[in-house]
Amino acid sequence: MNILGIETSCDETAAAVWLTDHLASNKIASQEVHANFGGVVPELASRAHVKLILPIIQSALSEANINKQDLDGIAVTYGPGLAGSLLVGLNVAKSMALALKVPYIGINHMEGHLFSNSVLEKGPEPPFISLTISGGHTQLVYVKGWGDYKILGKTRDDAAGEAFDKVAKMLELSYPGGPAIDKLAKDGDPEYISLPKAKFKDNSLDFSYSGLKTAVLYHLQNLDSQERHRHKADIAASFQKAAIEVLIENSLKALEEHEIDELALAGGVACNSYLRKHLHQESNRRRFKLYVPPVNLCTDNGAMIARAGYFYLEKGERSEYTLSPKPSLSL
Ligand code: KG4
Ligand code: ZN
């Protein structure tokens, strides 16, 4: 089966081709237009998707060396995400499916991330635990089987990536803030300030970043401009340590509580070098298998959507043409 995957839930316009048992192409056009605004501007994102979507699909088909007539099905993200952005991908998918007389299926973006490690040759097989951490989501998911998920923990306020982006803004770093903090933190002292880690009374595996973010803000407010400049890398390193350690601690607890020995990472924050280094150390020490996708499969991409779509289309599942975008869709 030749499946085209389309992803336009936020600010990446992405398309990929999955050919039964391997990925044949994975094309992503990152929208530069948002950098000047320090965050994604929904209206601009939709307009950029309209401009980029057909060229990116054409490029994915060319790289896979197939024509659109060779497609057997189309998979597309229908939520969660920005309504206008989702509309663009969904309408293109429906139109192509109608014109080519092939089935199409709407995919939950968060389920797509769960499939991102399975695009690779030896991906995880359920049961496993997934830590999906991006600019919009922070979820610890127990993947009991494909299509059978239990959310073990989620953020109660900001997503992990959102916290990186907001703290980067406080430190006057470029957008997106995650990579900028990651880079700067390499020159800083992670022990410079001790920052609070949210813990909940009910022993839950939830996350919270608002207290940490406010603590960084208060610390900065007490420094003069020279001190701020001098300790910028130290603050970045201290924040990164606190933000990442809670992700690691909760993931380890989830593995232990459910007696699972496979952990898969997904989402843009999974690119973080501190997280990767420390989780690798833990996986060696505690003997669990760690799956870390390459950068272009961590961030939003069409490959994970095509792969998830293949799973459902192959079983004969299809979506109706009346399917509409679901901006708040949950897993
Ligand atoms: O998955 P993604 O590309 O888009 C969605 O939000 O769905 O994730 C983007 C997020 C941004 O918040 C960005 O700052 C963060 O991932 N990010 C990182 C790193 N690279 C990207 N956060 C921490 N460290 C990184 N190296
Ligand atoms: Zn995502």
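Residues numbered from 1 in each chain as written. Chains lettered and ligands numbered in written order. Predicted model: local features only at pLDDT ≥ 70, side-chain atom pairs only at ≥ 80, totals over all residues. Heavy atoms only, no water.

Student: For this particular structure, what's the right way to read the sheet that holds strand β8 (residues 148-154)?
Tutor: Sheet strands line up and pair through hydrogen bonds in the backbone, either parallel or antiparallel. Spatially, 5 strands are ordered β8-β7-β6-β9-β10 in an open sheet, and the strand pairing comes out mixed. Strand pairing shows two members of the sheet lacking a second neighbour, β8 and β10 (289-291), which therefore form its edges. With strand direction ignored, the average angle separating the axes of adjacent strands in the sheet is 20°. Of the strand pairs in this sheet, strand β6 (residues 128-133) and strand β9 (residues 262-266) are connected by 4 bridges, and their pairing is parallel. Across the sheet, the residue bridging to L131 is L265, located in β9. The sheet strands contacting helix α8 (residues 232-257) are β6, β7 (138-145), β8 and β9, and the helix crosses β6 at an angle near 160°. (Pairing = 2+ DSSP bridges. Helix = DSSP H or I, 4+ residues; strand = E, 2+ residues; numbered from the N terminus. Axes fitted to C-alpha atoms, helices over the stretch in contact; angles between N-to-C directions. Contact = heavy atoms within 4.5 Å.)

Student: Where do I start with the state of the cysteines in this structure?
Tutor: By definition, a disulfide links the sulfur atoms of two cysteines through a covalent bond. Scanning the entire structure with this criterion turns up 0 disulfides. C298 forms no disulfide, and the closest cysteine sulfur to it belongs to C271, at a distance of 4.2 Å. (Disulfide = S-S within 2.5 Å.)

Student: Would you take a moment to explain helix α4 (residues 160-170) for this structure?
Tutor: Every α-helix winds through 3.6 residues per turn, so residues three or four apart in the chain are directed the same way. Looking only at α4, the buried set comprises A160, G161, A163, F164, V167 and A168. Along the axis of α4, the buried residues cluster in a sector spanning 155°; they form a single face. In this structure, the buried side of α4 is in contact with β6, β7, α5 (177-185), α6 (210-221) and α8. Positive backbone phi, approximately 60°, marks E172, located one or two places after α4. (Buried < 20%, exposed > 50% of the residue type's maximum accessible area, 1.4 Å probe, protein only. Arc of directions from axis to C-beta.)

Student: What is the right way to read unusual backbone geometry from this model?
Tutor: With the exception of glycine, most residues fall at negative phi, and the peptide bonds are largely trans. In this model, G79 is joined to P80 through a cis peptide bond whose omega is -10°. Mapped onto the elements of the fold, P80 is located in the loop between β4 (73-79) and α2 (83-100). Cis geometry is adopted by the peptide bond preceding P127, which originates at P126 and carries an omega value of 0°. Positive phi, normally seen in glycine, also occurs at N65, with a value near 65°. The phi torsion at N203 lies on the positive side, around 65°, for a residue other than glycine. By the element assignment, N203 lies in the loop between α5 and α6.

Student: Even after reading the chapter, I still don't get the coordination of the zinc ion (ligand 2), so can you show me in this structure?
Tutor: Octahedral metals with six donors have ideal donor angles of 90 or 180 degrees. Tetrahedral metals with four donors have an ideal donor angle of 109.5 degrees. In the first shell of the zinc ion (ligand 2), the protein supplies H109 (NE2), H113 (NE2) and D300 (OD), at 2.1 Å from the metal. Because the angles between the 4 donor atoms bound to the zinc ion (ligand 2) fall within 83 to 149°, the donor set is best described as irregular. The sequence pattern formed by the donor residues of the zinc ion (ligand 2) is H-x3-H-x186-D. Within this pair, whereas H109 is found in helix α3 (residues 109-115), its partner D300 is found in the loop between α10 (295-298) and α11 (302-314), the two being separated by 191 residues in sequence. Each member of the pair, H109 as well as D300, is classed as buried. (Donors = N, O, S within 2.8 Å, 3.2 Å for Na, K, Ca; no water. Tetrahedral: all angles 85-135°; square planar, octahedral: opposite > 155°, others 65-115°.)

Student: Explain helix α1 (residues 42-64) here, please?
Tutor: With 23 residues, α1 extends 31 Å between its outermost C-alpha atoms, agreeing within 8% with the 33 Å of an ideal straight helix rising 1.5 Å per residue. Considering bend angle alone, the principal kink of α1 is centred on L52 and spans about 40°; proline P55 follows within four residues of it. Here α1 has its buried residues at A45, S46, A48, H49, I53, I56, I57, A60, L61 and A64. Looking at the packing, one finds that the buried side of α1 touches β1 (2-7), β2 (12-19), β3 (22-30) and α2. A positive backbone phi angle near 65° is found at N65, which sits one or two residues after α1. (Expected span 1.5 Å × (residues − 1). Bend = angle between axes of the 7 residues up to and from the residue.)

Student: Any chance you could explain the sheet that holds β1 here in plain terms?
Tutor: Strand order in the open sheet made by the 5 strands is β3-β2-β1-β4-β5, with mixed pairing throughout. The open sheet terminates on both sides in strands that have one partner only, identified here as β3 and β5 (104-108). Strand-to-strand twist in this sheet, taken as the mean axis angle between neighbours without regard to direction, amounts to 20°. Bridge count for β1 against β4 is 4 bridges, and the pairing is parallel. Residue pairing across strands places I6 opposite V76, the latter belonging to β4. Sitting on the sheet, α1 is in contact with β1, β2 and β3, with an inclination near 25° to β2.

Student: Looking at this model, I keep getting lost on the pattern of salt bridges. Mind explaining?
Tutor: Oppositely charged side chains are able to pair whenever their charged atoms sit close together. Evaluated as defined, the whole model comprises 17 salt bridges. Close ionic contact of R156 with D206 constitutes a salt bridge, the shortest N to O distance being 2.7 Å. In this pair, R156 sits in the loop between β8 and α4 while D206 sits in the loop between α5 and α6, placing the two residues 50 residues apart along the sequence. Among the salt bridges present, the one from D182 reaches K186, with a minimum N-O distance of 3.4 Å. Of the residues examined, K186 reaches a relative accessible area of 58% and is grouped as exposed. (Salt bridge = Lys/Arg side-chain N within 4 Å of Asp/Glu carboxyl O.)

Student: Teacher, can you tell me more about the side chain of T138 here?
Tutor: For T138, the position within the fold is in strand β7. Sequence-distant contacts of T138, that is, excluding residues within four places in its chain, are made with T132, I133, G153, K154, T155, A159, A160, F207 and L247.

Student: Please clarify how the packing of aromatic side chains should be interpreted in this entry.
Tutor: The geometry of two aromatic rings is summed up by the distance between their centres and the angle between their planes. Summed over all chains, the structure comprises 7 aromatic pairs. Between F115 and F311, the ring centres sit 5.8 Å apart and the planes meet at 45°, which makes this aromatic pair tilted. Of this pair, F115 sits in helix α3 while F311 is found in helix α11, placing the two residues 196 residues apart along the sequence. For the residue pair F115 and F311, the accessibility class agrees, reading buried in each case. (Phe/Tyr/Trp six-rings, centres within 6.5 Å; stacked < 30°, edge-to-face > 60°.)

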